[in-house]
Amino acid sequence: MALLKVIEWTDNTSDTIVYKVDMKGNEIKRGSALTVRDSQVAIFCDKGKMADVFLPGYYKLDTDSLPIITKLLSWKYGFQTPYKSDVYFVNTKQFTGQKWGTANPIMIRDADYGAVRVRGFGTYAFRVKDAFVFMQELSGTNSSFTTRDITEYIRSMLVMGISDAIGESGVPVLDMAANLMELSGAVKKSLSARFESMGLDLTAFNFESFSLPPELEKALDESTRLGMMRKNIDIYTQLAQADALKEAAKNPGMAGGTMGAGLGMGMGMQMGQMFANMNQQKQAPAENQKHCTNCGAAISPTAKFCPECGKPTEAVCPKCGTKLPPKGKFCPNCGEKLR
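Residues numbered from 1 in each chain as written. Predicted model: local features only at pLDDT ≥ 70, side-chain atom pairs only at ≥ 80, totals over all residues. Heavy atoms only, no water.

Student: What is the right way to read the overall build of the protein from this model?
Tutor: Regarding its fold elements, the protein presents 8 helices and 14 strands. Put simply, of all contacts in the protein between residues at least 6 apart along the chain, 59% involve residues at least 24 apart. Accessible area for the protein stands at about 21100 Å²; split by element, carbon and sulfur atoms hold 53% of it. (Helix = DSSP H or I, 4+ residues; strand = E, 2+ residues; numbered from the N terminus. Contact = heavy atoms within 4.5 Å. Areas by Shrake-Rupley, 256 points an atom, 1.4 Å probe, with all protein chains shown as cover.)

Now the structure itself:
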């Protein structure tokens, strides 16, 4: 039976969380060395029961450094006899870039659209916060434990946290893209206690995309298109009429068909309205014109003399020059007889 002099683990993977040292028939003896690197924790187990825990550092294994093992093995006179023990290294670094996604859409109640199914995708990061608790709750005595062994379980917890965060936020689905950071923080906060109970720490959680069902996205796009057209209906109408006139000019025989299709009717109505406006503009001045009191010719309302006979447009008393009212036989100023 060989004696294990140096116990260490050099991690050459990117996803190993727990690594069990392969004893290969070796035994541990007093004076053996244990090296625990940064971002590692070493745990000694006796007969499947976790005992001593070692944080990063260099240790000479003896009675003082193995107090729990010493007690379990009843070493009354100190650590002398070689013994076999299970040694586990737990990786405590951050495991970043872990992807999550909603395998099935999440049903939420939206104030604008009622019940809506949404999907989300993103990344998260975690690390082992308490190696002893993690070994008790998840890893157990497995010879190795990787991120693949836990990601499915974590993903199910994340989906629950996302559903709670979205439901409690009250953010409309159309505004969720602008509130991804707030939603990420809410999910991380809501799941922190559950992760801690497993000896883990959810160090980061990010939304990368947030999507609606294809049929709802199509309906929203159509609504946006119609809204834009309603705001610019006059421009679209003018462009359509211009295009129709161009086509009619290329093929004169199309004009009658165009008129029959209704476009010509609309253009005729617009032209009729235009001529009516011109006629009103022509008639308006005629209604405001007055006539010369001497010769009866039509004159402008602001003219002071008749352009036909040269007489003043306003009636005045021939004796005193006072402006006369429209009706009357005598001057109101001097009493001169007018007619």
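From this point, the discussion proceeds with the structure in view.
Student: Teacher, can you tell me more about the pattern of salt bridges here?
Tutor: For side chains of opposite charge, pairing can occur when their charged atoms come near one another. Counted under the stated rule, the structure contains 5 salt bridges. Here aspartate 86 makes a salt bridge to lysine 20, at a shortest N to O gap of 3.9 Å. One end of the pair, aspartate 86, is in strand E7 (residues 86–91); the other, lysine 20, is in strand E2 (residues 16–20), and 66 residues separate them in sequence. Given the relative accessible area of 26%, aspartate 86 is considered partly exposed. Since its relative accessible area comes to 27%, lysine 20 is described here as partly exposed. One salt bridge in this structure joins glutamate 152 and arginine 155, with 2.6 Å as the shortest N-O distance. Of this pair, glutamate 152 and arginine 155 both sit in helix H3 (residues 151–169), separated by 3 residues, roughly a single helical turn. (Salt bridge = Lys/Arg side-chain N within 4 Å of Asp/Glu carboxyl O. Buried < 20%, exposed > 50% of the residue type's maximum accessible area, 1.4 Å probe, protein only.)

Student: Would you take a moment to explain the environment of serine 65 for this structure?
Tutor: Relative to the assigned elements, serine 65 resides in the loop between strand E6 (57–60) and helix H1 (67–72). Linking serine 65 and aspartate 52, residues 13 residues apart in sequence, is a C-alpha distance of 8.4 Å. Ignoring anything within four residues of it in the chain, the contact list for serine 65 reads Asp52, Phe54 and Lys60. Separated by 3.1 Å, the side chain of serine 65 and the backbone oxygen of lysine 60 make a polar contact. (Polar contact = N/O pair within 3.5 Å; in protein donor to acceptor, adjacent residues only side chain to side chain.)

Student: Please clarify how the sheet that holds strand E5 (residues 49–54) should be interpreted in this entry.
Tutor: Consider a sheet: its strands pair through backbone hydrogen bonds, and that pairing is either parallel or antiparallel. Spatial ordering of the open sheet is given by E5-E4-E7-E2-E11, a layout of 5 strands whose pairing is antiparallel. Of all the strands in the sheet, the pair left with one neighbour each is E5 and strand E11 (144–146). When the angles between neighbouring strand axes are averaged without regard to direction, this sheet yields 20°. Both E2 and E7 contribute to a ladder of 3 bridges, which runs antiparallel. From the neighbouring strand, tyrosine 19 faces E7, where its bridge partner is phenylalanine 89. (Pairing = 2+ DSSP bridges. Axes fitted to C-alpha atoms, helices over the stretch in contact; angles between N-to-C directions.)

Student: I keep staring at helix H4 (residues 180–197) and nothing clicks. Help me out?
Tutor: For an α-helix, 3.6 residues make a turn, and residues three or four places apart therefore share a direction. A rise of 1.5 Å per residue sets the reference length of H4, with its 18 residues, at 26 Å; its end C-alpha atoms lie 26 Å apart and thus fit the reference within 8%. Along H4, the sharpest kink reaches roughly 40°, centred on leucine 191. For H4, the full list of buried residues reads Leu180, Leu183, Ser184, Val187, Leu191 and Phe195. Lining the buried residues of H4 we find H3 and strand E12 (200–211). The first or second residue beyond H4 is glycine 199, which carries a positive phi of 80°. (Expected span 1.5 Å × (residues − 1). Bend = angle between axes of the 7 residues up to and from the residue.)

Student: How should I be thinking about the environment of glycine 321 in this particular structure?
Tutor: By the element assignment, glycine 321 lies in the segment after strand E14 (298–299). On a C-alpha basis, the gap between glycine 321 and cysteine 334 in space is 9.6 Å, while along the polypeptide they are 13 residues apart.

Student: What am I meant to see in the packing of aromatic side chains here?
Tutor: Each aromatic ring pair is specified by the distance between its two centres and by the angle formed by the two planes. Tallied over the full model, the rule gives 10 aromatic pairs. Taken together, a centroid distance of 5.5 Å and an interplanar angle of 80° make the contact between phenylalanine 134 and phenylalanine 145 edge-to-face. Of this pair, phenylalanine 134 sits in helix H2 (residues 131–139) while phenylalanine 145 sits in strand E11, placing them 11 residues apart in sequence. Neither residue differs from the other here; phenylalanine 134 and phenylalanine 145 are each classed as buried. Members of the aromatic cluster, each reached through a chain of ring pairs, are Trp9, Tyr19 and Phe89. (Phe/Tyr/Trp six-rings, centres within 6.5 Å; stacked < 30°, edge-to-face > 60°.)

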